[in-house]
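These are the residues of each chain, in order.
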Amino acid sequence: MTVEHDVLPFVDNLVYEPEQVHDHGVDLTVAAVYEVAGPGRLDFGGDELEDADLEPIGTEPRNPDDEYEWWTLEGGQYVIQYNEFLTGAEDDGPLVLQPRHELLARGGSHPTVHVFSHLPLLPLSVPAGGIRIKENARVSTLLAPGSDEDSRAGRTDASEPVDARGDVDR
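Definitions and limits used
Residues numbered from 1 in each chain as written. Predicted model: local features only at pLDDT ≥ 70, side-chain atom pairs only at ≥ 80, totals over all residues. Heavy atoms only, no water. Helix = DSSP H or I, 4+ residues; strand = E, 2+ residues; numbered from the N terminus. Buried < 20%, exposed > 50% of the residue type's maximum accessible area, 1.4 Å probe, protein only. Lys, Arg positive; Asp, Glu negative; His and termini not counted. Salt bridge = Lys/Arg side-chain N within 4 Å of Asp/Glu carboxyl O. Polar contact = N/O pair within 3.5 Å; in protein donor to acceptor, adjacent residues only side chain to side chain. Core = buried A, V, L, I, M, F, W, Y, C linked by side-chain atoms within 4.5 Å. Contact = heavy atoms within 4.5 Å. Pairing = 2+ DSSP bridges. Patch = residues over 30% accessible without salt bridge, like charges linked within 9 Å, V, L, I, M, F, W, Y side chains within 5 Å. Areas by Shrake-Rupley, 256 points an atom, 1.4 Å probe, with all protein chains shown as cover.

1. Points about the side chain of Glu84
Looking at where Glu84 falls in the secondary structure, it is placed in the loop between strand 6 (76-82) and strand 7 (85-86). Despite its burial, Glu84 remains without a salt bridge, the nearest opposite charge being carried by Arg138 at 9.0 Å. Side chain to side chain, Glu84 and Gln20 meet in a polar contact 2.9 Å long. A polar atom in the side chain of Glu84 sits 2.6 Å from the side chain of Thr29.

Take a look at the structure:
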């Protein structure tokens, strides 16, 4: 099966398809980063369910002539929102949303989740040393469950897998 058959038909609003679509899935890009400013509420029955207060984190240019700006995040927890969205995936079962290797190798992470009809806001863990993320950076990969051996092994691009130290796995 190919990505075009498995995943791409369910993704809308790609930033730049030639870079985002590859043999293993579709990369998703960050549109906004939020800080949790006030607690949400979660109860058993849902009558007292309340969203957390989210405040957007601003961006800054790295260089004065940059077209896109950067989020400079200190270590901690944030919430990310994607540029892309899903259409019609609920009819064909769940897709798998996982962090890209490039995010993991820099100490950042978000949970791997199954998604059906929409892309959720996701918690983003940032290492103590912080991380800088450029607007529209590819931070996640959307995969069809069990689409191929590389996907199950956690590979999200055509390059060789790299462990957290930056060494090539062999």
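Having seen it, we continue.
2. A look at the nonpolar core
Formed by 29 residues in total, the largest nonpolar core has its most connected members in Leu73 and Leu142. The set of elements that each furnish at least two residues to this core consists of strand 3 (25-38), strand 5 (70-73), strand 6, strand 8 (95-99), strand 10 (122-126), strand 11 (131-134) and strand 12 (138-143). When residues in this core are grouped by element, the largest group, 4 residues, is from strand 3. Those residues in contact with Leu73 that sit more than four places away from it in its chain are Val33, Ile57, Tyr78, Leu124, Val126, Gly130, Ile131 and Ile133.

3. Focus on the environment of Phe116
Positionally, Phe116 belongs in the loop between strand 9 (113-115) and strand 10. Measuring from C-alpha to C-alpha, the distance between Phe116 and Val96 comes to 9.0 Å, with 20 residues separating the pair along the chain.

4. Quick notes on the environment of Ala31
Here Ala31 shows up in strand 3. The exposure class of Ala31 is partly exposed, given its relative accessible area of 33%. In the structure, Ala31 is positioned 104 residues away from Glu135 in sequence and 6.6 Å away in space, judged by C-alpha atoms. Discounting residues that sit within four places of it in the chain, Ala31 has contacts with Trp71, Gln81, Tyr82 and Asn83.

5. Points about the pairing of strand 8
Of all 5 residues making up strand 8, 5 are buried, and the element is well covered by its neighbours. Note: strand 8 against strand 9, 3 bridges, orientation antiparallel. The partner of Leu97 across the bridge, within strand 9, is Val113. Bridge analysis of strand 8 against strand 12 gives 4 bridges, and the strand direction is antiparallel. Along strand 12, the bridge assignment pairs Gln98 with Thr141.

6. Things to note about a nonpolar patch on the surface
A grouping of Val36, Leu54 and Leu121 is seen on the molecular surface, where their side chains present a nonpolar patch of about 230 Å² in accessible area. On the secondary structure map, Leu54 appears in strand 4 (residues 53-56).

7. A word on unusual backbone geometry
Although it is not a glycine, Asn13 sits at a positive phi angle of roughly 70°. Residue placement: Asn13 occurs in the loop between strand 1 (11-12) and helix 2 (17-20). On the accessibility criterion, Asn13 (46% relative accessible area) is partly exposed. The phi dihedral of Asn136 is positive, around 70°, even though this residue is not glycine. The residue Asn136 is located in the loop between strand 11 and strand 12 in this model. With relative accessibility at 23%, the residue Asn136 sits in the partly exposed group.

8. Let's talk about the pattern of salt bridges
Side-chain pairs of opposite charge can arise whenever the charged atoms involved come near each other. As enumerated under the stated definition, the model contains 5 salt bridges in all. Here Arg138 and Glu19 are joined by a salt bridge, their closest N and O atoms 3.3 Å apart. Of this pair, Arg138 sits in strand 12 while Glu19 is found in helix 2, placing the two residues 119 residues apart along the sequence. It is possible to trace a salt-bridge network through shared partners that takes in Glu19, Asp27, Arg100, Glu102 and Arg138.

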